[in-house]
Each structure stands twice: as structure tokens, then as C-alpha cells.
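Reading the structure
This is what each chain is made of:
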Amino acid sequence: MRPIQARISVGAMAHNLRVARSHAGTACVFAVVKANAYGHGLSRALRALAAADGFAVLTLEEAANLRLMGVEKPILLLEGIFGADEIATCAELDLWPVLHHAAHLDWLQQQPPARPLQVFLKFDSGMHRLGFPLADHAAVVARVRSLPGVAGITLMTHFAQADEAAGVDWQLQPFLREMAGHDLTWSSANSAALLRYPETLGAWVRPGIMLYGASPFAEVSAEQLGLRPAMTLQSEIISVQTLQPGEGVGYGQLFRAERAMRVGVVACGYADGYPRHALTSTPVLVNGCVSRTLGRVSMDMLCVDLSECANAGVGTPVVLWGEGLPVDAVAAAAGTSSYELLCALAARVPVEEVA
Ligand SMILES: *Cc1c(COP(=O)(O)O)cnc(C)c1O
């Protein structure tokens, strides 16, 4: 068998949920499991994160899957509904849609559900992606309150820079000021806000990335946050080449040896989810020894520097990210985020679930 494998730890996810809860005070915790639980597998994440108070997904299909798997807790549809026809399913499966656009209110009015829905009413406090303008809050809340299809309202917003120096205040303060008069519960915190800004907790927090053991912050590691990596992508060296000075390796010959050196060819490429834009010097762990990639990542292979790994040869294990090598470090070197790397794990990579 091709030696690549993703080892996914349910214990790490359960641990990370406990870390999230330790920051959440009395707020309820939605475990965000969209995008196949950030690449970790929906049913696996569900078992690992069973202690959450609810689950947040994107699509009706994911939500229906969770119900099929026996979830009785609240399920939040983070992007709302995509047509009036989805309202009936929300009622049938007791799903909580995010209402973020006037069309949603029209649909609810035109096709009232068989039983009234709990809804999250999303306001745009500055991210300018989804949500009603804050300035319209009085009219929007009044309209939603008047809809017979709505049983309860939680106000919601989302932060654009909770992970950066700019922080949340510029969005949170106007949001709380405008929402204050409505006497409704609210929700605002993603992982970064939950970890850094207790004033964002509200009634429900919505951590995602931290549950999978990656840090939302560029300058604070997951380990410093007490998080454990949930996914370890590993493979093996399947060939060793010796380069003479001036010889190059891989497509485009982007890396050229300055002196004679050994190069390991690892069975992992961009078709497995490894970032093709990772350049020479992206960190890898060769049998526990920190090394670096060389040259261009191929579809099914990448090359690593064995100069400092004298004992490495065919069959030597290589960790691409995870235990011993934070996915955040690989993401930073590749000019992307841990979110993208985890979500992009390819379906062809066999998963081994570990405790
Ligand atoms: C994805 C998402 C989250 C989780 O964000 P993380 O940064 O992964 O913690 C929270 N809220 C909303 C609306 C989201 O779309």
C-alpha cells in the first residue's frame, strides 16, 4: 500500500473542546464542523466532540447527516438557507438557520414552516460579508419578531480581525450598543475571539479551528494555547537520490545542489492535499529530525533534504504536519493558513483513527 496516511485523533479533538469550554464561561458551545469538520470527517468529529452543546454546519445535507447520526442537540446553519424550499426541512429537522438577508425574511413570510424556528439573526458589524446593516437593526428585529414562523431569535455577528492586532472592539462595541435595546441573546465569538476576548462570549460561542488543534493567531502557537494537533499527515521516503553540485531536483529544477547531497522522495504530493505553492524550505519531519522540502511539489511526490538525516533511507517515516510539526508552521512557510491545509486533505488519503 502507498504509505501515506492521515492519523486523526479523537482524543485530541475532545481535549481541544475542553480547552474551548474552559474559555467559554457560561456560554454554550457550538462545535463548528463545516467542511467535513475541517477535513477530519464529520462522523468522527461528532464522536470526538459529543460534549458540545450544538453543532454548526453549512448545508442542509450536513445537518441532515448529523440528525441521521443521532444528534439531538441544536444545529446551526452558518450560511443560512439557499431557497424557500429549505424552510420546511429546517422545521422537520429542527435546524436553526442564520438569517442574514432580506430574501430569507421574505421566504419565511411566504412559506411559513410547519412549526416556528429558532433563528440566528446576523448583523454586519464591519466585515461586510454576510448580515443586515447594523443601522437597520430596529426595523429588521421588529420584522423578524412579527413573523409567525419564528420561535426565538439570537442576534449574531462575525469578526474580521479577531486574530489580528486590530482585534474585535471596533465591531463588538457598535454591535452591542445597537443590540442593547432588544433584550435578546447574542453570539459573536469564533476561536480567536473566544481565546482572546472574553467580552465576546455572549450566549453561544462558535469555535472551529482550535478544535482541530491549530492556532488562529500567527504569533501564538497551538501548543502555547494548550491545543493538541488532531491530524497528523505522514508518509514515507520511497526513493533516495544523490545530487552532485549544480544538479537540480524535480519539475523546473527549482532547487539546485551547492554540494553533493542526498535527497529523499516522499510519497505525498498536491493531489494528497499538500500545498503545491510550498517552496523550498517548508519544514518536514524526517523520522523526528527537522528538515525541509526541496524544489517544486509534484502531484504525488515531494523532495526533502537528507543532508542532516544520515540514517534516513527508503521506508523512513516522514511527518508532513501534525505531531511534532505544527500545521501552522507548514502553512506559514507555504503562504497559506492551517484552515486551508486541513480542509484540503484529499479523499484519496487513507485515514487511521487513533485515540
Ligand atoms: C467558520 C466559522 C466559525 C469558526 O471560525 P474559526 O476561526 O474556525 O474558529 C465561526 N463562525 C462563523 C460564522 C463561521 O463561518
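Quantities reported herein were computed from a predicted structural model and do not represent experimental measurements.

Analysis parameters
- Residues numbered from 1 in each chain as written.
- Predicted model: local features only at pLDDT ≥ 70, side-chain atom pairs only at ≥ 80, totals over all residues.
- Heavy atoms only, no water.
- 1 Å grid on protein atoms, 1.4 Å probe; cavity = no way out; pocket = protein on both sides within 12 Å on 5 of 7 lines; lining within 4 Å.
- Points joined across faces, edges and corners; volume = space filled by probe spheres on them.
- Nonpolar A, V, L, I, M, F, W, Y, C, P; charged D, E, K, R; others polar.
- Phe/Tyr/Trp six-rings, centres within 6.5 Å; stacked < 30°, edge-to-face > 60°.
- Helix = DSSP H or I, 4+ residues; strand = E, 2+ residues; numbered from the N terminus.
- Buried < 20%, exposed > 50% of the residue type's maximum accessible area, 1.4 Å probe, protein only.
- Polar contact = N/O pair within 3.5 Å; in protein donor to acceptor, adjacent residues only side chain to side chain.
- Contact = heavy atoms within 4.5 Å.
- UniProt positions renumbered as here; feature names shortened; annotations may be inferred.

1. Comments concerning empty space enclosed by the protein
Vacant regions in the atomic arrangement are exposed by a probe of water-molecule size rolled over the atoms. Going through the model one piece at a time under the given rule, you end up with one cavity of 30 Å³ or more. As for the largest cavity, its lining consists of Lys122, Phe123, Asp124, Ser125, Met127, His128, Arg129, Leu130, Thr157 and His158. Residue composition of the lining of the largest cavity, by class: three nonpolar, four polar and three charged.

2. Section: the packing of aromatic side chains
Across all of its chains, the model carries 10 aromatic pairs by this definition. For the ring pair Tyr274 and Trp321, a centre distance of 6.2 Å and an interplane angle of 20 degrees mean the geometry is stacked. Taken together, the residues span a long stretch of sequence, with Tyr274 in the loop between β14 (261-266) and β15 (283-286) and Trp321 in strand β18 (residues 317-321) at a distance of 47 residues. Given the relative accessible area of 1%, Tyr274 is considered buried. Through a chain of ring-to-ring contacts, three or more aromatic side chains come together here, namely Phe30, Trp96, Phe120 and Trp204.

3. Section: the side chain of Thr293
Summarising the element assignment, Thr293 is placed in strand β16 (residues 289-294). Thr293 gets classed as buried once you look at its relative accessible area, which sits at 2%. From its side chain, Thr293 meets the backbone oxygen of Leu279 in a polar contact 3.0 Å long. Residues within four places of Thr293 in sequence aside, it is in contact with Tyr274, Leu279, Thr280, Ser281, Thr282, Val284, Leu302, Cys303 and Val304.

4. Quick look at the UniProt feature "active site" (unreviewed entry) in the protein
As recorded in UniProt, the sites labelled "active site" (unreviewed entry) are Lys34 and Tyr251. Of the residues just listed, which span 218 residues, the most distant C-alpha pair is 35.2 Å apart, and they do not cluster in one region. Put simply, the named residues that line the largest pocket are Lys34. Turning to its location among the elements, Lys34 is positioned in helix α2 (residues 34-38). With sequence-adjacent residues up to four places away left out, Lys34 is seen in contact with Ala56, Val57, Leu58, Glu62 and Leu78. On the secondary structure map, Tyr251 appears in the loop between β12 (248-249) and β13 (255-256). If we skip the residues at most four places from it in the chain, Tyr251 touches Arg296 and Ser298.

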